[in-house]
Amino acid sequence: MILATTTSTQDSGLLDVLVPMFEEQSAYEVKPIAVGSGAALELGERGEADIVLAHSPAAEERFMAAGFGTRREVVMFNDFVIVGPEDDPAGIATVPSAADAFRAIAKTQAPFVSRGDDSGTHALERSLWETAGVDPAGSWYQESGTGMGDTLGIANERRAYTVSDRGTFLAQRDRLDLRVLSEGDRALLNVYHAITVNPDNGRRVNVDGGTAFLAFLLSPEAQGAIAEFGVDRFGEPLFTPCAGNVCAVDSATPTASPAASPAP
Amino acid sequence: MDDFRQGLAEALRLLASGERDVWGVVLLSLRVSLSATLVSLTIGVPVGATLALSRFPGRALLVGLVHTGMGLPPVSVGLFVSLLLWRNGPLGDLRLLYTPTAMVVAQAVIAAPIVAGLTHAAVQALDPRLRLQLLALGASRVQMTWWLLREARLPLIAAIVAGFGAVISEVGAAMMVGGNIVGETRVLTTATVLEVGRGNYDVAVALTIVLLALTYSVNMALTVLQQRQRRP
């Protein structure tokens, strides 16, 4: 059973908890392949994975609309944060929204490091530029083409701004001089969905395995493990479980009401 | 330098405690890369020897191709092997992607041209009169090749060292066709990449130190073999 997933679930260590739990209670052997959300969806589209765990809602909706997935469920969420050097040269800590923060960065041409890798984080970043009405270009806007951990390192060395999921930033903040400067905007919600792959995508899609893993992710045991994950290391959980969209973070669901507290 | 010192301490601690399945990772690295080197020898030595000992049209083109292969980027090899081994790819029936076997295949593809190229150079560097002498003594073609390879064993062991060095150190192909799955396809280089991504630099340095120690041990064994057989 092949699970194509985003790097943040592996880099945070969450998979090391969930995968053994699932393997213990089922007959399936999981092969988790950690790539960016874009690449994970591509593997699903080619029928090279049985289930996709991603955090790139617009790309996922396109994936579903094209019929590449059979079921798409909210699993959990956390949030993105805009981080930057402590002295905050663009003054983004005082502006109200994430889009305003991006406008301030573009206006002052303060260095910004983009993932540039079609990951979920990169997709979120591009949508924020769009909301801000800015087409980021110029020497201040740099693409790292690497994962979140490396990108945070580059931003740190260059005293630049970047967008990170909160989990990866928390895991690495001890070695970074970067600070969280903008957070809490609903546009910064980071929602993880699991999608079972349509068997028509390829000859060998393991439908039963994918379906079993989806059921597991939504089960009380897995949701409980997600809620506890990271508490021992960071004093706060890295993800908030949300099976059945009970926390109403899924924008695609019309019944969504304002989330009580999007930030974990 | 603090990072290095901490890494060294962490390396010793990891090896002593066996945390993160470090011994499993070490053994898998060794198993995959030694198997790949063996496979590359069975392909590379005959190809290199044939290119050195026969004359046929287009031979120079083939030698040039082998020499190009000596610099194959591991990530490109990983990509092509992935395309072949994908479930829906031409060799999907074998179900090999994300297994150690797939890693051996990819690494053998990386090492084979190196072994072939260095074998070719080693055999061609032998005194041509030796070959004539062997034939005059009534050696068959296979016997002659065997004796020539024996005579070239010093540079041939260097070819093994180069082939093994290329694969134990590569990360692009191992990551792509192996998938860096814990307990299954995680080797020292892919584990290092993962720990760097996680920001665990001390563990990453520790794994690198373990990798260097492992490479040194294997190369020491080969060097002993090489130097022991050296008689005046």
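Residues numbered from 1 in each chain as written. Chains lettered and ligands numbered in written order. Predicted model: local features only at pLDDT ≥ 70, side-chain atom pairs only at ≥ 80, totals over all residues. Heavy atoms only, no water.

Caption draft 1: Local environment of the layout of surface pockets. Of the pockets and cavities examined, the largest pocket occupies roughly 900 Å³. Those elements that place two or more of their residues in the lining of the largest pocket are helix H1 (7-11), strand S2 (31-34), helix H3 (37-45) and helix H7 (148-158) of chain A together with helix H4 (74-85), helix H9 (172-178) and helix H10 (188-197) of chain B. Residue contributions to the lining of the largest pocket peak at 4 residues, all from H4(B). Taken together, the residues of the lining of the largest pocket sort by class into 17 nonpolar, 12 polar and 6 charged. Taken together, domain 1 (2-77 + 191-245) and domain 2 (79-187) of chain A each give at least three residues to the lining of the largest pocket, which thus spans both. Within this model, the second largest pocket holds a volume of roughly 700 Å³. (1 Å grid on protein atoms, 1.4 Å probe; cavity = no way out; pocket = protein on both sides within 12 Å on 5 of 7 lines; lining within 4 Å. Points joined across faces, edges and corners; volume = space filled by probe spheres on them. Helix = DSSP H or I, 4+ residues; strand = E, 2+ residues; numbered from the N terminus. Nonpolar A, V, L, I, M, F, W, Y, C, P; charged D, E, K, R; others polar. Domains from an automatic or database assignment.)

Caption draft 2: Just the pairing of strand S3 (residues 51-54) of chain A, in detail. Residues and elements named next belong to chain A. Neither face of S3 is left uncovered, since the one carrying Ile51 and Leu53 and the one carrying Val52 and Ala54 both have all their residues buried. Relative to strand S9 (residues 189-197), S3 runs antiparallel, the two sharing 4 bridges. Paired with isoleucine 51 across the two strands is threonine 196, which belongs to S9. (Buried < 20%, exposed > 50% of the residue type's maximum accessible area, 1.4 Å probe, protein only. Pairing = 2+ DSSP bridges.)

Caption draft 3: Fine view of the UniProt feature "domain: PBP" (unreviewed entry) in chain A. In the UniProt entry, the feature "domain: PBP" (unreviewed entry) is given for residues 2-221 of chain A. For the annotated span residues 2-221 of chain A, helix accounts for 41% and strand for 24% of the residues, and the straight-line distance between the end C-alpha atoms is 21 Å. (UniProt positions renumbered as here; feature names shortened; annotations may be inferred.)

Caption draft 4: Quick peek at the nonpolar core. Core analysis: the largest hydrophobic core is formed by 37 residues, its most contacted members being Leu43(A), Tyr98(B) and Val177(B). It is helix H5 (residues 100-124) of chain B that contributes the most residues to this core, 7 residues altogether. One finds Leu18(A), Leu170(A), Leu214(A) and Ala222(A) within the second-largest nonpolar core, a separate group that totals 26 residues. (Core = buried A, V, L, I, M, F, W, Y, C linked by side-chain atoms within 4.5 Å.)

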